[in-house]
Amino acid sequence: MTSHQTAQTMKPATAAKKLGVYLEATPAEFQEGVVSRTELNALQTDPPEWLRELRRNGPHPRPVIAAKLGISISGLARGGITDALTTEQIEALKEDDPEWLRKERATQAEVRKEAARIKEMQAEKAAKADRSDS
């Protein structure tokens with residue numbers, strides 16, 4: 001009996017997410033097919049022009065928009081941003097710097113500060129535990 005190994009494939013939505021692009025903006029053949037792990041790796045290492053263009057100018061999915069704005073995805077929703085945005089739209093939003101964006105950036109900064117404090121506290125606890133074990 002020989003083992004027959006099949007290529008691992010994923011839906012276009014999963015592949016788009018892994019590539020950090022908005023699925024609806026990808027070419028039809030990408031949206032309609034399945035993507036193998038090998039094809040995904042090839043797209044990541046040597047992206048075709050359409051992928052480079054999407055990454056450069058968008059439209060971008062919400063996780064990318066949130067990262068470019070320095071806020072959380074929840075913060076985007078609270079700010080009323082539910083659709084994909086182009087790089088130009090994101091830059092305009094940064095330039096306008098609305099109140100909700102300033103507030104969300106401050107919230108995100110606090111979250112990061114708290115996460116760092118907790119990590120430091122856990123490291124100190126672990127160091128104390130190591131000292132008491134020896």
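Now for a quick tour of the structure. Note that the structure is a prediction, hence the values are computed from the model and not measured. (Residues numbered from 1 in each chain as written. Predicted model: local features only at pLDDT ≥ 70, side-chain atom pairs only at ≥ 80, totals over all residues. Heavy atoms only, no water.)

**Structural notes on the nonpolar core**
Okay, so step 1: By size, the foremost hydrophobic cluster in this structure holds 11 residues: Met10, Ala15, Ala16, Leu19, Val21, Phe30, Val35, Leu40, Leu43, Leu51 and Leu54.
Okay, so step 2: When contributions to this core are tallied by element, the ones reaching two or more residues are helix H1 (12-19), helix H3 (37-45) and helix H4 (49-57).
Okay, so step 3: For alanine 16, the residues in contact, after removing those within four places along its chain, are Val21, Leu23 and Phe30.
Okay, so step 4: Core analysis: the next-biggest nonpolar cluster, separate from the first, contains 10 residues, Ile65, Ala66, Leu93 and Leu101 among them. (Core = buried A, V, L, I, M, F, W, Y, C linked by side-chain atoms within 4.5 Å. Buried < 20%, exposed > 50% of the residue type's maximum accessible area, 1.4 Å probe, protein only. Helix = DSSP H or I, 4+ residues; strand = E, 2+ residues; numbered from the N terminus. Contact = heavy atoms within 4.5 Å.)

**Side note on the packing of H1 against H3**
Okay, so step 1: Look at H1 against H3: their axes get within 11 Å of each other, and the N-to-C directions meet at 30 degrees. Judged on the interaxial angle alone, H3 and H1 are roughly parallel. Relative to H3, H1 is oriented so that their crossing is right-handed. Listed contacts from H3 to Ala15, Lys18 and Leu19 of H1 are Arg37, Leu40, Leu43 and Gln44.
Okay, so step 2: Residues that form the contact of H1 with H3 fall into these classes: four nonpolar, one polar and two charged. (Axes fitted to C-alpha atoms, helices over the stretch in contact; angles between N-to-C directions. Parallel < 35°, antiparallel > 145°, perpendicular 65-115°, else oblique. Left-handed = near helix turned anticlockwise from the far one by under 90°. Nonpolar A, V, L, I, M, F, W, Y, C, P; charged D, E, K, R; others polar.)

**Notes on the environment of leucine 40**
Okay, so step 1: Position of leucine 40 among the secondary structure elements: in helix H3.
Okay, so step 2: Judged by its relative accessible area of 1%, leucine 40 is buried.
Okay, so step 3: Sequence-wise, leucine 40 and alanine 15 are 25 residues apart; in three dimensions their C-alpha atoms are separated by 6.8 Å.
Okay, so step 4: Discounting residues that sit within four places of it in the chain, leucine 40 has contacts with Met10, Ala15, Lys18, Leu19 and Val35.

**Description of the environment of glycine 33**
Okay, so step 1: With respect to the helices and strands, the residue glycine 33 is situated in the loop between helix H2 (28-32) and strand S2 (35-36).
Okay, so step 2: A residue is classified by how much of its surface remains accessible, and glycine 33, at 26% relative accessible area, is partly exposed.
Okay, so step 3: Between the C-alpha atoms of glycine 33 and glutamate 91, which are 58 residues apart in sequence, the distance is 33 Å.

**Thoughts on the packing of aromatic side chains**
Where two aromatic rings form a pair, the distance of their centres and the angle of their planes describe that pair.
Okay, so step 1: Counted by the stated rule, this structure contains one aromatic pair.
Okay, so step 2: With a centroid separation of 5.4 Å and 55 degrees between ring planes, the pair formed by phenylalanine 30 and tryptophan 50 is classed as tilted. Separated by 20 residues along the polypeptide, phenylalanine 30 in helix H2 and tryptophan 50 in helix H4 bring together distant segments of the chain. (Phe/Tyr/Trp six-rings, centres within 6.5 Å; stacked < 30°, edge-to-face > 60°.)

**Things to note about helix H5 (residues 62-69)**
Okay, so step 1: For H5, every residue scored as buried is listed here: Ile65, Ala66 and Leu69. All buried residues of H5 lie within an arc of 100 degrees about the axis, which places them on one face of the element.
Okay, so step 2: Against the buried residues of H5 lie helix H6 (73-78), helix H7 (87-96) and helix H8 (99-133).
Okay, so step 3: Positive backbone phi, approximately 75 degrees, marks glycine 70, located one or two places after H5. (Arc of directions from axis to C-beta.)

The values reported here are purely geometric and, on their own, carry no functional implication.
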